[in-house]
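# Topology and contacts: notes
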Amino acid sequence: MPMRLLRAPLTWIAVAVLVVGAATALYWFQPWKLVTDTEVHEELVAVPSAVPSTGSAVPSRPATPSPTPAGPVLLGGGEFVSHEHDTRGAARIVRTADGRYRLELVGLDTSNGPDLQVWLTDQPVRTGPSGWRVFDDGRHVALGPLKGNRGDQAYEIPAGTDLTGLTSVSIWCERFAVSFGAAALTTAG
């Protein structure tokens, strides 16, 4: 009986469907990322004060360029809160000595996952499941793929980006439309 079953066309169709289904599931979910880490150790800007206060949102870029201070300036930042996955570390926005703006992730520690992106957003950071899916509801600026799920890393904010109203950063999973973790950005001072 087993040999006859192996010769049946429906058996081979069922096997082919199972193989294609398994390959699709592996591609889509990438389960190996749950047990692998990518560490990044980029050099961060040394700024006079690295601890943001609890205050208002990060100030917007001036309409007309003003003289750049002699050194880098910490504009604001905050600590990550966990969403879909445990996330720790801090995010900060720095204006470099040459006048460029960049987002720095300091001591990031989150899960690895498929299609993780770094977004500046206008959405408030909420704790718990109510905060997991809000970041694509409003305005966001995608700064690129997450370089690693652990360590220090920096992302250039494109020239001309209006920072007005961009009050948070999210580690956003595009594939499943969910935040792994987010940080509210408050002004330094």
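Above this text you will find the structure in question.
Cut-off values and rules
Residues numbered from 1 in each chain as written. Predicted model: local features only at pLDDT ≥ 70, side-chain atom pairs only at ≥ 80, totals over all residues. Heavy atoms only, no water. Core = buried A, V, L, I, M, F, W, Y, C linked by side-chain atoms within 4.5 Å. Buried < 20%, exposed > 50% of the residue type's maximum accessible area, 1.4 Å probe, protein only. Helix = DSSP H or I, 4+ residues; strand = E, 2+ residues; numbered from the N terminus. Contact = heavy atoms within 4.5 Å. Salt bridge = Lys/Arg side-chain N within 4 Å of Asp/Glu carboxyl O. Phe/Tyr/Trp six-rings, centres within 6.5 Å; stacked < 30°, edge-to-face > 60°. Lys NZ or Arg CZ within 6 Å of the ring centre and 35° of its normal.

### Some remarks on the nonpolar core
- By size, the foremost hydrophobic cluster in this structure holds 25 residues, and its most contacted members are Leu103, Leu105, Val118, Leu120 and Val169.
- Among the elements of the structure, strand E2 (73-82), strand E3 (88-95), strand E4 (101-109), strand E5 (116-121), strand E6 (140-145), strand E8 (168-173) and strand E9 (178-184) are those that each provide at least two residues to this core.
- In terms of residue count, E4 provides more of this core than any other element does, four residues in total.
- Those residues in contact with Leu103 that lie beyond four places of it in its chain are Ala91, Arg92, Ile93, Val118, Leu120, Leu143, Gln153, Ala154, Tyr155, Ile157 and Val169.
- One finds Trp119, Val134, Phe135 and Ala182 within the second-largest nonpolar core, a separate group that totals five residues.

### Quick notes on the pattern of salt bridges
- What the rule picks out here adds up to nine salt bridges.
- Arg150 is paired through a salt bridge with Asp37; the nearest N and O atoms lie 3.3 Å apart. One end of the pair, Arg150, is in strand E7 (residues 150-156); the other, Asp37, is in the loop between helix H2 (9-29) and strand E1 (39-41), with 113 residues separating them in the sequence.
- Each of Arg92, Asp98, Arg100, Arg102, Glu104 and Glu156 takes part in one network of salt bridges that share partners.

### Considerations on the packing of aromatic side chains
- Applying the stated criterion across every chain yields a total of two aromatic pairs.
- Ring centres of Trp119 and Trp172 lie 4.9 Å apart, and the angle between their planes is 20°; this geometry places the pair in the stacked category. With Trp119 in strand E5 and Trp172 in strand E8, the pair connects residues that are 53 residues apart, well separated along the chain.
- Assessed through its relative accessible area of 2%, Trp119 is described here as buried.
- Look at Trp172 and you get buried, because its relative accessible area is 2%.
- Measuring from ring centre to ring centre gives 6.4 Å for Phe135 and Trp172, while their planes differ by 75°; the resulting arrangement is edge-to-face. With Phe135 in the loop between E5 and E6 and Trp172 in strand E8, this residue pair connects regions lying 37 residues apart in the sequence.
- Taken together, the ring pairs in this structure connect Trp119, Phe135 and Trp172 into an aromatic cluster.
- If you follow Lys147 out to its NZ or CZ, it ends over the ring of Tyr155, 4.6 Å from the centre.

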